[in-house]
Structure formats: structure tokens, C-alpha cells
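An overview of the molecular structure
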Amino acid sequence: MANPSAPPATVSIRPLSPYFFILPAVAIMVAGLVYPVLQAFYLSLFDWKIGTRFEDAPFVGTRHFVRMLTDDNVHESIWVTLRFGFWTITIEMFLGVSLALLLEKPIRGASVFRTIFILPLMISPVVVGLIWRYLFDARIGWINYYLGMVGIEPQVWLGDPELAFFAIVFTDIWQWTPFIFIIVIAGLQALPSEILEASRIDGANWWQHILFVKLPMIRSILLIALLLRLIDVFRALEVMYILTGGGPGRATELLSLHIYNRAFETQQLGYASAISVLLILIVFGLSFAILVAGNPMKEKSDI
């Protein structure tokens with residue numbers, strides 16, 4: 001028989017408290033990420049064009065996805081994007097890490113160099129595209145002017161497929177190398193001085209100090225920088241649109257620019273949405289592969 005004087009049973013909400021804290025972040029992610037992706041997939045099931053009512057758009061099912069898998073233009077855009085990402089990310093990571101290692105110590109004038117290096121990040125992508133479009137101009141561009149001063153023939157930078165691809169790669173490196181520099185130098189300055197001093201006492205030279213002490217300790221930071229740049233490569237649009245517009249031909253048409261052209265140039269919103277879903281899957285697959293291959297917790301779990 002229950003004791004009438006016993007206090008009433010209470011349900012503890014302590015186990016649920018973590019979920020209340022992450023609920024706002026989950027709600028924002030669902031509203032800002034999951035819902036648009038679902039809407040893009042839903043739109044890809046219809047053949048909708050700008051200027052027509054969505055209610056009148058015919059339902060085509062997975063026809064756009066089947067067409068996308070056999071579309072040579074989509075395949076070419078994916079190849080251009082992967083090639084562009086390989087060169088830009090590789091060079092940016094190398095330059096950003098190198099500059100951070102050179103300027104991590106309080107040397108004279110380091111603050112001035114750091115300020116100069118981060119200036120490209122402060123410029124709007126539209127302005128970046130306009131600046132480099134004029135610099136690469138075959139008639140009035142400064143690049144051809146200075147090449148002529150050293151006896152090199154002027155080049156049609158944005159009219160030749162290979163030169164135009166070089167132009168967008170160089171522009172992206174100029175704009176985003178400071179991003180890698182800022183992330184890496186922040187990680188280097190946060191390293192514990194005790195471990196660094198111990199490596200010096202053990203007789204590690206400059207290269208050993210970098211390769212076997214500093215870089216392994218900022219491995220997770222390098223991984224984050226790599227992931228962020230990978231995502232940026234697949235969503236790059238403004239600079240490339242202003243600089244080359246995807247030309248000449250399709251030599252510089254990244255996948256994001258191809259989606260834009262499909263949606264607003266040819267008004268194939270349904271088909272462009274299907275390609276957008278493909279872009280999301282590619283980014284997710286590459287990001288997942290990088291996280292699995294470079295997971296800093298893997299080695300700890302194997303111990």
C-alpha cells in the first residue's frame with residue numbers, strides 16, 4: 001500500500017536538457033538547409049520555366065535525373081569543377097601554410113604583411129571579378145602591358161580556353177589564399193609552447209620541427225580549411241560569371257555556373273534543380289571521404 005505521506009514522484013528533465021540546448025541550432029539548420037534541399041528535389045520533378053505558373057508545370061518524375069546522367073555538358077562542367085578545385089585548393093593550401101609558417105613569429109613588419117595578405121578577403125566577389133577582368137583584358141589590361149615591357153607578346157587571356165582556365169585559377173588563388181593563411185596562423189599561434197620547446201631540446205631542426213611537430217598538431221585545422229575551400233569551390237559563381245561567363249565555349253563553366261545558366265539563361269528551372277541535387281551529393285560525398293580519411297580521432301580510437 002502506498003505511503004500517503006511520501007512526496008509525489010517527479011520526472012527529471014535533466015537527461016533531456018542537452019536536446020533543449022541544441023534544438024534552436026537544429027531548427028535553424030532544418031529551415032536553412034534541409035528545407036531548401038527538399039524543395040530543390042521537389043522542383044526537379046517538374047518541367048517548370050520562368051514566366052509560367054508552377055501549378056501548370058507538367059510532372060516529369062525522374063526524367064531530369066536520367067537526362068542529367070547522359071548530358072555531356074553536365075559531365076564537362078563537373079570535370080572543369082574538379083580540375084579547378086584540384087589546382088586552386090592544392091596551391092592555396094601550400095601558399096597559405098607557407099606564409100603562416102613564415103609570419104607566425106613576431107618579426108619586424110609582420111603586422112603590415114598580414115594586413116596586406118588579408119585585403120583580398122575584404123573585397124566583394126563582384127569587384128574581384130571586375131578587377132581581374134580588366135587586368136586580363138587583351139587590349140587595355142595591365143598584365144599584357146607589363147608583359148610587353150619585357151618583350152613577351154600580348155595574350156588573349158579570356159579568349160583562349162587554357163589561358164582562361166589559368167585566369168580563373170589565378171584569380172581564385174589570389175582571393176582565397178589569405179583565408180587559409182588566417183586559419184593556419186591562428187592555429188600555429190595557439191600551439192602549446194611546452195611541446196615546441198621540448199622538440200627543440202630534443203634536437204629537432206627547422207624542417208623536423210615543422211613536419212613532425214607543428215603540422216601534425218594542427219592537422220584538424222588543416223582539415224577544416226580543406227573542407228571549407230572544397231565547399232567554396234563548388235559554390236563559386238560570381239567571380240567566374242563576371243570574369244569569363246563560363247567561356248570561351250565551356251572551358252571555364254563550373255558546375256554552379258552551369259546550373260545558373262540552365263536556370264536563368266535557358267529557363268529550365270526543373271532541370272537546373274536536378275543538377276543542384278547532384279552538386280549537393282558530390283559535395284557531400286567528397287566531404288565525407290575527406291572526413292573519414294583524415295579523421296583525427298581515428299588514431300586515438302585505434303590505440
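Further up the page is the structure itself.
An account of the accompanying structure is given in this report. Nothing here was measured: the structure is a model prediction, and the numbers come from that model.

Details of the packing of helix 7 (residues 161–189) against helix 10 (residues 219–235)
- Between helix 7 and helix 10, the shortest axis-to-axis distance is 10 Å and the interhelical angle comes to 155°. Taken together, the axis directions place helix 7 and helix 10 in an arrangement best described as roughly antiparallel. Helix 7 and helix 10 meet at a crossing whose hand is right-handed. Contacts between helix 7 and helix 10 pair Asp172, Trp176, Phe179, Ile180, Ile183, Val184 and Gly187 from the former with Ile221, Leu222, Ala225, Leu228, Arg229 and Asp232 from the latter.
- When its residues are assigned to classes, the contact of helix 7 with helix 10 shows nine nonpolar, one polar and three charged.

Looking at the packing of aromatic side chains
- All chains considered together, the criterion is met by 19 aromatic pairs.
- Judged by centre distance (5.9 Å) and plane angle (85°), the ring pair of Trp176 and Phe179 falls under edge-to-face. Of the two residues, Trp176 and Phe179 are both situated in helix 7; the distance of three residues between them amounts to about one turn of the helix.
- A relative accessible area of 19% means that Phe179 is categorised as buried.
- Grouping aromatic residues by their ring pairs yields a cluster made of Trp132, Phe136, Trp157, Phe166, Phe170 and Trp174.
- For Arg83, the ring lying beneath its charged end belongs to Phe165, and the centroid distance is 4.0 Å.

Observations concerning the nonpolar core
- Residues Val74, Phe84, Val184 and Leu255 are the most contacted members of the largest nonpolar core, which totals 60 residues.
- In terms of residue count, helix 7 provides more of this core than any other element does, eleven residues in total.

Thoughts on the layout of surface pockets
- In this structure, the largest pocket spans a volume of roughly 530 Å³.
- In terms of lining, the largest pocket is formed by 24 residues, of which the most central are Ile259, Ala272, Ser276, Leu279 and Ile280.
- No other element matches helix 13 (residues 269–293), which puts twelve residues into the lining of the largest pocket.
- Of the residues assigned to the lining of the largest pocket, the class counts are 19 nonpolar, four polar and one charged.
- If you add up the space inside the second largest pocket, you get close to 220 Å³.

Details of the side chain of Ser44
- Residue placement: Ser44 occurs in the loop between helix 1 (17–43) and helix 2 (63–69).
- Among the residues examined, Ser44 registers a relative accessible area of 0% and is labelled buried.
- Setting aside residues no more than four positions away along its own chain, Ser44 makes contact with Val60, Gly61, His64, Phe65, Gly270, Ser273 and Ala274.

Remarks on unusual backbone geometry
- Here the amide bond leading from Gly247 into Pro248 is cis, since omega sits at -5°, within 30 degrees of zero.
- If you check the backbone angles, Gln267 has positive phi at about 60° while not being a glycine.
- You can call Gln267 partly exposed: its relative accessible area is 33%.

Each value, and the rule that gives it
Residues numbered from 1 in each chain as written. Predicted model: local features only at pLDDT ≥ 70, side-chain atom pairs only at ≥ 80, totals over all residues. Heavy atoms only, no water. Axes fitted to C-alpha atoms, helices over the stretch in contact; angles between N-to-C directions. Helix = DSSP H or I, 4+ residues; strand = E, 2+ residues; numbered from the N terminus. Parallel < 35°, antiparallel > 145°, perpendicular 65-115°, else oblique. Left-handed = near helix turned anticlockwise from the far one by under 90°. Contact = heavy atoms within 4.5 Å. Nonpolar A, V, L, I, M, F, W, Y, C, P; charged D, E, K, R; others polar. Phe/Tyr/Trp six-rings, centres within 6.5 Å; stacked < 30°, edge-to-face > 60°. Buried < 20%, exposed > 50% of the residue type's maximum accessible area, 1.4 Å probe, protein only. Lys NZ or Arg CZ within 6 Å of the ring centre and 35° of its normal. Core = buried A, V, L, I, M, F, W, Y, C linked by side-chain atoms within 4.5 Å. 1 Å grid on protein atoms, 1.4 Å probe; cavity = no way out; pocket = protein on both sides within 12 Å on 5 of 7 lines; lining within 4 Å. Points joined across faces, edges and corners; volume = space filled by probe spheres on them.

Geometric descriptors of this kind do not, in isolation, establish any biological role.
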